[in-house]
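# Working through the structure, step by step
Chain by chain, the residues run as shown.
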Amino acid sequence: MDVVIVGAGIVGLTTARALSAKRPELRIALLEKEPAVARHQTGSNSGVIHSGIYYKPGSLKARLTVSGKAELERFCADHGVPYERCGKVIVATRPEELAQLDMLAQRAADNAVLAERISVQQLHELEPHAAGLGALRVASTGIVDYPVLCQWLADELEQADHEIRLHTKVSGIAEEDQQVVVATESDYLTAKVLINCAGLHSDRIANLTPSSQTDIRIMPFRGEYYSLIPARRHLVNNLIYPVPDSRFPFLGVHFTRMVNGGVEAGPNAVPALAREGYRWGDINRRDLTEILTARSSRILARNFWRTGLGEIHRSLSKRAFVTALQALVPEVRSEDLIRTGAGVRAQAIGPDGALLDDFAFAETARQIHVVNAPSPAATASFAIGRIIADKAIERLG
Ligand SMILES: Cc1cc2nc3c(=O)[nH]c(=O)nc-3n(C[C@H](O)[C@H](O)[C@H](O)COP(=O)(O)OP(=O)(O)OC[C@H]3O[C@@H](n4cnc5c(N)ncnc54)[C@H](O)[C@@H]3O)c2cc1C
């Protein structure tokens, strides 16, 4: 093989696509431990195509979200993948949030994203059931079916004679002068370059070779969802978000219309007890021990205990979850919501307990590891894939 990619989520798939487009002669294999592509973060996210307004100007997140979004929309339009540019509103529900809305409007301008401060009356024209003191309208935000998009990407790669090996878990890597040897549970492969897009396991894959050891650690944060029952879907036209807590990388529970017509409420952000911990009962001893004993987790817990307890309370108590949603749409009642799925975010933390904000890579002579690709990496994936493909091509010569 020329290139082996670990992980067939949206970042692995778009990376393979970018490589194949730039260098069609390359032999590329994607190794995926699950029986299908897009099973973890990509398949259980909110389905939003983010506009790029929240992120620090000049950061990879700010730049790649805007360019990646445009490419993703083009791909969807060309391939008939269901997507829609429906727009969203960010609503201030407390007086002190109005100034934050202005700051967000400024940030949008810095990131060259159109966002418009709107009055309460304009908010009610867009979202008649939303309550707020003021709002920001972001017209370019959209929704998409990410699993369908990923299946298209996978089909295209296979048509171009690249391999997607499902049920194939990578368990070892050895970097040599001229090649990388990749061990799976049943086989060995060699490649000139290895790319790690393993999401929730990306730090562990990076730590398989001494040259790529990283002190960045993945902390799994589960996001739980409720769904509005069909009879109450009229309460939400499109996407209704709160003003986010700027100290925290998550956006707060919100309402999202999905491309299939449903309306989801959530996701919250609670520490998961396993990297693939989709419910409180999913506990992995190795993951949990690491979470409890790592110095970085302890610092994180010390800094965010108040926010964390609030999130855990909203996870365990439907009433508390509903109260948070009622700040945005007061007519929502507990009986309007049914618990649906959850997703687990791969959020990287540094050794000092800081939540890493931007997308991040760790690199060696023959390896490229994506060590932080949290939201909005699905939106930005086509642009992230292009950057990784360039890094790989530099190594291939
Ligand atoms: C609750 C939630 C809501 C979100 N909402 C949005 C949103 O609305 N919009 C947006 O843009 N982003 C959103 N995100 C973020 C977005 O989904 C992720 O940033 C993106 O999907 C990351 O893609 P990935 O390919 O890096 O990871 P993943 O999709 O997790 O893929 C990694 C793959 O690697 C595989 N793998 C891991 N270890 C191995 C191994 N050892 N061997 C072989 N394969 C392996 C896994 O099985 C998996 O398929 C959300 C995330 C979550 C969890």
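Numbering of residues begins from 1 in every chain and follows the order in which that chain's sequence is written. Note on the predicted model: pLDDT of at least 70 is required for a residue's local features to be given, and 80 or more for side-chain atom pairs to be given and counted; whole-chain, interface and lining totals, by contrast, use all residues. Note: side-chain values were computed over all heavy atoms of the structure, leaving out hydrogens and water.

## Concerning the pattern of salt bridges
- The term salt bridge refers to a side-chain nitrogen of Lys or Arg lying within 4 Å of a carboxyl oxygen of Asp or Glu. Tallied over the full model, the rule gives 32 salt bridges.
- Here K33 ties to E34 by a salt bridge, and the two come within 2.9 Å at their closest N and O atoms.
- Between R204 and D287 there is a salt bridge, with its nearest N and O atoms 2.9 Å apart. Of this pair, R204 sits in helix 6 (residues 202-206) while D287 sits in helix 7 (residues 285-293), and the two are 83 residues apart along the sequence.
- Judged by relative accessible area, which is 15%, R204 ranks as buried.
- One network of salt bridges, in which partners are shared, links D203, R204, R217, R275, D287 and E290. Helix numbers and strand numbers start at the N terminus; a helix is a DSSP run of H or I with at least 4 residues, a strand a run of E with at least 2. A 1.4 Å probe rolled over the protein chains alone gives each residue an accessible area, and that area as a share of the maximum for its type sets the label: buried under 20%, exposed over 50%, partly exposed in between.

## A look at the sheet that holds strand 12 (residues 188-191)
- Read from one edge to the other, the open sheet built from 3 strands follows the order 10-11-12, with strand pairing classed as antiparallel. Lying at the two open borders of the sheet, with one neighbouring strand each, are strand 10 (170-175) and strand 12. On average, each strand axis in the sheet is tilted by 20 degrees relative to the strand beside it, whichever way the strands run.
- Here 4 bridges tie strand 11 (residues 180-184) to strand 12, and the two strands are oriented antiparallel to one another. Paired with V182 across the two strands is L189, which belongs to strand 12. Strands qualify as paired when DSSP identifies two bridges or more between them. Note on geometry: axes are C-alpha line fits, over the in-contact stretch for helices, and angles between N-to-C directions span 0 to 180 degrees.

## Comments concerning the pairing of strand 21 (residues 367-372)
- Within strand 21, 6 of the 6 residues are buried, leaving the element largely enclosed by the surrounding structure.
- Sheet topology note: the strand 13 (residues 193-196)/strand 21 ladder contains 3 bridges and is parallel. Bridge assignment links L194 to a residue of strand 21, and that residue is Q367.
- Inspection of the sheet shows strand 20 (residues 360-363) paired to strand 21 by 4 bridges, in the antiparallel sense. Residue pairing across strands places A360 opposite N372, the latter belonging to strand 21.
- Linking two consecutive strands that pair antiparallel, namely strand 20 and strand 21, is a turn of 3 residues.

## As for the site of the ligand
- If a single non-hydrogen atom of a residue is within 4 Å of a molecule or strand, that residue counts as near it. Around the ligand, the structure places 38 residues, and the nearest of them are E32, T42, V48, A373 and T379.
- A distance of 3.2 Å separates an oxygen atom of the ligand from a polar atom in the backbone of I10.
- Definition of a polar contact: a pair of N or O atoms within 3.5 Å, with one able to donate and the other able to accept a hydrogen when the atoms are protein atoms, and with sequence-neighbouring residues admitted only if both atoms are side-chain atoms. For the ligand, an oxygen atom lies 3.5 Å from a polar atom in the backbone of A378.
- Computed by Shrake-Rupley with a 1.4 Å probe, the accessible areas treat only the displayed protein chains as cover when residues are assessed. When the ligand is considered free in solution it has 1,000 Å² of accessible area, and contact with the protein chains removes 97% of it.
- Counting residues per element, the ones that place at least two in the shell around the ligand are helix 1 (10-22), strand 19 (337-349) and helix 10 (377-396).
- For this classification, the nonpolar set comprises Ala, Val, Leu, Ile, Met, Phe, Trp, Tyr, Cys and Pro, the charged set comprises Asp, Glu, Lys and Arg, and every other residue, Gly included, is treated as polar. Of the residues assigned to the shell around the ligand, the class counts are 17 nonpolar, 16 polar and 5 charged.
- Per-domain counts for the shell around the ligand show at least three residues from each of domain 1 (3-64 + 146-216 + 356-396) and domain 2 (218-349). Each domain span listed reflects an automatic or database assignment of domains.

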